[in-house]
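Chains, contacts and geometry: an overview
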Amino acid sequence: MSAPLLDIRNLSIGFPAGKGEVLAVNDVNFSVAPRELVGIVGESGSGKSVTALAIIGLLPPNARVSGEIAFAGRNLVGLPQRQLRGLRGKEMGMIFQEPMTSLNPVFTVGDQIVEAVRAHEHMSLKAARDRATELLDKVGIPSPRRRLDDYPHQMSGGMRQRVMIAIALSSSPKLLIADEPTTALDVTIQAQLLDLLNGLREDFGTAIVLITHNMGVMAEIADRVVVMYCSRVVEEAGIFDLFDRPQHPYTEGLLGSTPDMGETAHRLTTIRGGMPNPADLPPGCLFAPRCDKAIAQCTTAQPPLFELGDGQKAACILAPKLQTEGAT
Amino acid sequence: MIGYTISRLLQAIPILLIVSLIAFGIIHLIPGDAATVIGGPSATPADLARIRENLGLDQPLHIQILTFYANLFQGDLGRSLLLGIPVTEAVLARSPITIGIAIYSLVLTIVFGLATGIIAALNHNRWIDQAATVFALIGVSLPNFWLALVMIVLFSVHLGWLPTGGYVPFTQNPIGWFRTATMPAVALALLQAGLLTRITRSTMLEVLSQDYIRTARAKGISEWRVVGRHALANVMMPVVTVLGLILSVLLSGSIVIETIFGIPGIGALLGNAIASRDYPMIQGGLFFITAALLLLNIVVDVLYTSLDPRIRVTGGK
Amino acid sequence: MTSLSDAAAPPRFLRTRALVRRMFANRAFMLGFVLFGFICLATLLAPLITRLDPNALSIRDRFQPPSLQFPLGTDNLGRDMLSRVLYGARLSLWIGLCVIVLNAVFGVLLGALAGYYRRLDNILMRIADALMAFPAVLLAIGIAAALGPSAVTAIIALAVVYIPRTARVVRASILVVRELDYVQAARAAGATDYRILMRHILPNCMAPLIVQLSFVFAYAILSEAVLSFLGLGAPPTVPSWGILISEGRSYLREAAWLTVVPGLAIAITVLGLNLLGDGLRDVLDPRMKVEQG
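The shown structure was predicted, so the numbers you read here are calculated from the model rather than taken from an experiment.

Let us look at the overall build of chain B. Assigned secondary structure in chain B consists of 13 helices and zero strands. Mapped in sequence order, the helices and strands of chain B form the string α-α-α-α-α-α-α-α-α-α-α-α-α. Taken along its principal axes, the extent of the C-alpha atoms in chain B is 80 × 55 × 35 Å. Relative to its full complement of 317 residues, chain B shows a buried share of 50%. Here the analysis covers contacts within chain B between residues at least 6 apart in sequence; of these, 71% occur between residues at least 24 apart. For chain B, the exposed area adds up to about 14,000 Å²; of that, 69% sits on carbon and sulfur atoms. Where the 18 positive side-chain charges of chain B centre and where its 14 negative ones centre are 14 Å apart.

Here it is, written out as structure tokens:
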């Protein structure tokens, strides 16, 4: 395995709330190799989007960040905005959940792509427009030259998301962060966009961090998945391991509540209860109150992330035991 | 685009008709005999009869209305009792002065209101934001004629920097114009600048939280460009829509302000008309200003539609 | 039937104690309350604050700058400015109060008719549009100029100017409320128009109405000052703030306080009302709020 492109170590992100501080991201570790597609999965509020914003340096100014975000060997935490700006759009790009509102309504899409192209490269307007046309073509927009002069409202959600991808890819970044890129789109378009992302990974050699709450999307394109629950990583595994033998009850629950995973029709299970209030966390394992397998021990201490072999890790005290039992 | 303009003009016609009817009706609001009020206590019966005849008050009401509209369509708003010249002539002759000061004041309003609103929004919840909010609130709470008087006390009486009043045409002496027009323009601008600051600030705060601003930041462009291009282009829209209101407040303020500073514009013309019960002048001036504002509002709306691509392409509402 | 109308009863948000608590937790409301309350209190207690007659002439004391004896100085006829400003407040506030009462009555009536009866809507709103096409102060000046200078004139002129604006606010919120489920349910259950209007729709339009009225109060005070300044308000023997400024204007050089003081009184009152309006809007009607500072 080559050196990781992105290496996140002990990342914690807090926001002031009342007198104290609420941790949106709590001691998160994971890494992304070049060209790898790593999925981060979790419910809304699990800290996955905050993690994404931290990587690209777009956290709100009141966020307090500790730990390390090493990108191509350089720690981004504490880097001045000026230098982060040099990386944004050049070395890493980002696409967001809401294609309908993510493009500026008063400028043409061509304008907005050209701006991204010229943000980091000195280029004539004409050359930039050619490059924008090329990009639109790459993301699968028909008659791209003509569409350059369209305004966002003249395009469908799927098309706009393609434009967003074109903007993100404008200077062939090493890393693309996609925060729920398909959630707002309907299912057929979802599949097309996932194919597109997957194809672009080959063409541009871009590593992708894909954030979603949809296990089906993960199954389709992720190499590896990081499962987040309540600001912490609870499981990390290769895509096959994760689906074949999830080690954390929360992952199991997520898989159980995803439709069309198997051929046979089975009852969809749901995870009972809701996430605990981040300002009032239970002691011990944060998932214990909702866990069917919880034992007395679970409520005493937060379990660490156990290494389970093959790069699989799970933060459940039952995981190593299950592992050894399974082995015998 | 042209279709939209035409439809807006057509919509304005019934409003203009009612506006003219109200303007016409003002003289009939006078309690008792209008001619006695206009003529004053010293008027002889012959004077009163002449006044009635001049104003058509001796005719039945429906004839008066018909005559009023017949004249209106010829651009005839009646004859000023005080000046003895047609109202239209008097208003048109004075309007360049009022328009000049109005533009000066509008520029001050926009520059100051936009800048303060934007700076406040960019420093949300910091002292500079609070200061701007307080300034804007005080601005919308001060009577502008009082502000004019206080400025005269300060800048003319005590400091002697500017003349207490009077007017020098711009074409004659631009510096003189600035010296005489600045205090009136500032007095007129303050209220609207406060209003515009409030609108700009809240719009800017809303725009800054939009997804497309995050997209722009994700491109790695400078914060200047994010605010100056992406945010400002979107802030301008609601600002354009309040231009009509701003102009309206500006023109109605000009009556008092021009009277105070002795500026011979439409405002002072109306102020004198009120003081001397020159009703044709009051009616005509009221109608003229309102009609002009209606037209200006249509221009602003058309401008707005051509600025916003979302409306522009679909061709209006 | 009983249970339906109970379930459909409008929220009694205007009466709850929680609301009062939220209002006083709102900084704008509190500040506005203090400022406006200060002015109202001073007006009510005027005879206790000053023993001097606002119209008592004392030529020997003319143009006295503010001192212990005359806290706000005296005017060209030696009349005490403090008592003139305090008694002047009565007229200014009284005119403002009359204007908002008229506004509430006719604004609600016309707004409700327009919002509830589609056929009336068109004609009423065209008239409102025409009245609103006039610059507010200008129309008030025109009407007052015809009616002749008096306090009643000022009240009528200002009411005519601001009623269409209030009616529009009421109409807009009625158009929203009438489509709500519980109103539809009441209609389906056979409630009369009158009953629906009084019991379901009007209580829900109160919030925007109260907010609107507090701003109208502020505009009315400002506009009344303009009318008085132009000699179209109360006749000069009764001091209103606008008249005081107008009188002081002749003595800007020798006695600037004659102008400054009543203007400050107007500014404080209007500022207080604007703050009250902002605060009420934040608390009562979150929909109208663009953002919270």
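Glancing now at the overall build of chain A. Along its length, chain A carries twelve helices and twelve strands. For 328 residues, the compact-globule formula gives about 20 Å, and the C-alpha radius of gyration of chain A, at 21 Å, lands near that figure. In terms of overall dimensions, chain A has C-alpha extents of about 65 × 50 × 40 Å along its principal axes. Out of the 328 residues belonging to chain A, those deemed buried represent 53%. Taking the intrachain contacts of chain A between residues at least 6 apart in sequence as the baseline, contacts between residues at least 24 apart amount to 63%. Only carbon and sulfur atoms are counted for the fraction: they give 52% of the accessible area of chain A, which is about 14,500 Å².

With that settled, the discussion passes to unusual backbone geometry. Among all residues save glycine, negative phi is the norm, and among peptide bonds the norm is trans. Residue and element names in this part refer to chain A. Not every positive phi belongs to a glycine, and Asp 27 is a case in point at roughly 50°. Following the sequence through the fold, Asp 27 ends up in strand β2 (residues 20-32). Owing to a relative accessible area of 37%, Asp 27 belongs among the partly exposed residues under this scheme. At Ser 172, a position not held by glycine, the phi torsion is positive, near 45°. By relative accessible area, Ser 172 is classed as partly exposed at 38%.

Let us look at the interface of chain B and chain A. Chain B puts 21 residues into the contact, and the matching count from chain A is 27 residues. Together, the buried faces of chain B and chain A total about 2,200 Å²; carbon and sulfur atoms form 60% of this surface. The largest contributions to the chain B side of the interface with chain A come from Arg 214, Ala 218 and Lys 219 of chain B, which together make up 27% of the buried area. The tally of links from chain B across to chain A stands at four salt bridges.

What holds strands together in a sheet is hydrogen bonding between their backbones, with the strands either parallel or antiparallel. All names here are of chain A. In spatial order, the strands read β2-β1-β4-β5; together these four strands make up an open sheet with antiparallel pairing. Of all strands in the sheet, those bounded by a partner on one side alone are β2 and β5 (74-75). Both strand β1 (residues 6-17) and β2 contribute to a ladder of nine bridges, which runs antiparallel. By the bridge assignment for β2, Ile 13 is matched with Val 25. Together, β1, β2 and β4 (64-71) form the strand contacts of helix α1 (residues 48-56), whose direction differs from that of β1 by roughly 110°.

If you look at the biggest cluster of nonpolar residues, it comprises 172 residues, and the most contacted ones within it are Ile 260 of chain B together with Ile 141, Ile 201 and Trp 241 of chain C. Considering each element in turn, this core owes the most residues, 20 residues, to helix α10 (residues 193-229) of chain C. When residues no more than four places from it in sequence are discounted, the contact partners of Ile 260 of chain B are Phe 145, Ala 148, Leu 149 and Ile 152 of chain B together with Phe 229 and Arg 249 of chain C. One finds Ile 113, Val 117, Leu 148 and Ile 165 of chain A within the second-largest nonpolar core, a separate group that totals 98 residues.

All names here are of chain A. Ordered in space as β6-β7-β8-β3-β9-β10-β12-β11, the eight strands form an open sheet in which the pairing is mixed. Edge strands, defined here as strands with exactly one partner in the open sheet, are β6 (92-95) and β11 (306-307). The strands touched by helix α7 (residues 157-168) within the sheet are β6 and β7 (175-179), with β6 carrying the most contacts at an inclination of about 165°.

A few words on the pairing of strand β3 (residues 37-41) of chain A. All names here are of chain A. Taken across its five residues, β3 has five buried, putting it largely inside the fold. Along β3, one buried face is formed by Leu 37, Gly 39 and Val 41 and the opposite face, lined by Val 38 and Ile 40, is buried too. Examined bridge by bridge, β3 and strand β8 (residues 207-212) share five bridges and lie parallel to one another. The partner of Val 38 across the bridge, within β8, is Val 209. Strand direction decides the pairing type here: β3 and strand β9 (residues 224-229), joined by four bridges, are parallel. Bridge pairing in β9 places Gly 39 opposite Val 225.

This part takes up the side chain of Ser 240 of chain C. Residue and element names in this part refer to chain C. Considering the arrangement of structural elements, one finds Ser 240 in the loop between α10 and α11 (241-248). The buried category is assigned to Ser 240, whose relative accessible area is 0%. A distance of 3.1 Å separates the side chain of Ser 240 from the side chain of Glu 224, its partner in a polar contact. With near-sequence residues (within four places) excluded, Ser 240 lies in contact with Gly 88, Leu 91, Ser 92, Glu 224 and Ser 228.

Okay, the packing of aromatic side chains next. Scanning the model with the defined rule gives 14 aromatic pairs over all chains in all. Considering the side-chain rings of Tyr 250 of chain A and Phe 287 of chain A, the 5.2 Å spacing of their centres and the 70° angle between planes classify their relative orientation as edge-to-face. Taken together, the positions of Tyr 250 of chain A in helix α11 (residues 249-256) and Phe 287 of chain A in the loop between α11 and β11 put the pair 37 residues apart, joining distant regions of the chain. Judged on exposure class, the residue Tyr 250 of chain A and its partner Phe 287 of chain A are both buried. Taken together, a centroid distance of 5.8 Å and an interplanar angle of 15° make the contact between Tyr 162 of chain C and Tyr 219 of chain C stacked. A residue pair is termed long-range when its members are at least 10 positions apart, and Tyr 162 of chain C in helix α8 (residues 151-177) and Tyr 219 of chain C in helix α10 qualify at 57 residues. Its relative accessible area of 5% is what places Tyr 162 of chain C among the buried residues. Taken together through their ring pairs, the aromatic side chains of Tyr 229, Tyr 250 and Phe 287 of chain A make up a single cluster. Its guanidinium or amino end placed over the ring of Phe 107 of chain A, Arg 229 of chain B lies 4.2 Å from that ring's centre, counting from NZ or CZ.

Under the feature "domain: ABC transmembrane type-1" (unreviewed entry), the UniProt entry names residues 95-304 of chain B. As a span, residues 95-304 of chain B carries 84% helix and 0% strand, and end to end its C-alpha atoms are 26 Å apart.

For the second largest pocket, the calculated volume is near 1,100 Å³. Along the wall of the second largest pocket there are 34 residues; nearest its centre are Leu 58, Leu 59, Pro 60 and Pro 61 of chain A together with Arg 217 of chain B. Broken down by secondary-structure element, the contributors of at least two residues to the lining of the second largest pocket are α1, β4 and α2 (81-87) of chain A together with α5 (87-122) and α9 (211-218) of chain B. Looking at the lining of the second largest pocket element by element, the count peaks at four residues for α9 of chain B. Split into classes, the residues belonging to the lining of the second largest pocket amount to 19 nonpolar, seven polar and eight charged.

Definitions and limits used
- In this convention, every chain numbers its residues from 1, walking through the sequence in written order.
- Here chains are named by letter from A upward and ligands by number from 1 upward, in the order in which they appear as written.
- Totals for whole chains, interfaces and linings use every residue, but because this is a predicted model, local features are given only for residues with pLDDT of at least 70 and side-chain atom pairs only at 80 or more, for both listing and counting.
- Side-chain metrics rest on all non-hydrogen atoms present in the structure, leaving aside hydrogens and water.
- Every helix listed is a DSSP run of H or I at least four residues long, and every strand listed is a run of E at least two residues long, numbered separately from the N terminus.
- Only protein chains enter the accessibility calculation, which uses a 1.4 Å probe; a residue whose area is less than 20% of its type maximum is buried, one above 50% is exposed, and one in between is partly exposed.
- The contact criterion used is simple: two residues touch if any of their non-hydrogen atoms lie within 4.5 Å.
- For accessible areas, the Shrake-Rupley method is used with a probe of radius 1.4 Å. Any residue's cover is judged against the shown protein chains and nothing else.
- Here the positive residues are Lys and Arg and the negative ones are Asp and Glu; neither His nor the chain ends is included.
- In plain terms, the charge of a residue is placed at NZ if it is Lys, CZ if Arg, CG if Asp and CD if Glu.
- This radius of gyration counts C-alpha atoms alone. The globule rule is 2.2 Å times how many residues there are, raised to the power 0.38.
- When two parts are put together, the accessible area they lose, computed with a 1.4 Å probe and summed over both, is reported as buried area.
- By salt bridge we mean one thing: a side-chain nitrogen of Lys or Arg within 4 Å of a carboxyl oxygen of Asp or Glu.
- Between any two strands, pairing holds if DSSP finds at least two bridges.
- Axis lines are fitted through C-alpha atoms, for helices just across the contact stretch, and the angle between N-to-C directions can take any value from 0 to 180 degrees.
- Side-chain atoms within 4.5 Å are what join buried Ala, Val, Leu, Ile, Met, Phe, Trp, Tyr and Cys residues into a set we call a nonpolar core.
- Here a polar contact is recorded for every N or O atom pair within 3.5 Å, except that within protein the pair must consist of a potential hydrogen donor and a potential acceptor, and residues adjacent in sequence are included only if both atoms are side-chain atoms.
- Classification of ring pairs uses Phe, Tyr and Trp, with its six-membered ring standing for Trp, and accepts pairs whose centres are within 6.5 Å; under 30 degrees between planes counts as stacked, over 60 as edge-to-face, and the remaining range as tilted.
- Look at NZ for Lys and CZ for Arg. If either is within 6 Å of the ring centre and within 35 degrees of the ring normal, a charge sits over the ring.
- UniProt positions are given in the numbering used here, feature names are shortened, and annotations may be inferred rather than shown by experiment.
- Residues are said to line a cavity or pocket when one of their atoms sits within 4 Å of a point; the points come from a 1 Å grid over protein atoms alone, cavities being sets where a 1.4 Å probe fits but cannot get out and pockets being open sets with protein on both sides within 12 Å along at least five of seven lines.
- Grid points are joined across faces, edges and corners, and a volume is the space filled by probe spheres set on the points.
- Here the term charged refers only to Asp, Glu, Lys and Arg, the term nonpolar to Ala, Val, Leu, Ile, Met, Phe, Trp, Tyr, Cys and Pro, and the term polar to all other amino acids, Gly among them.

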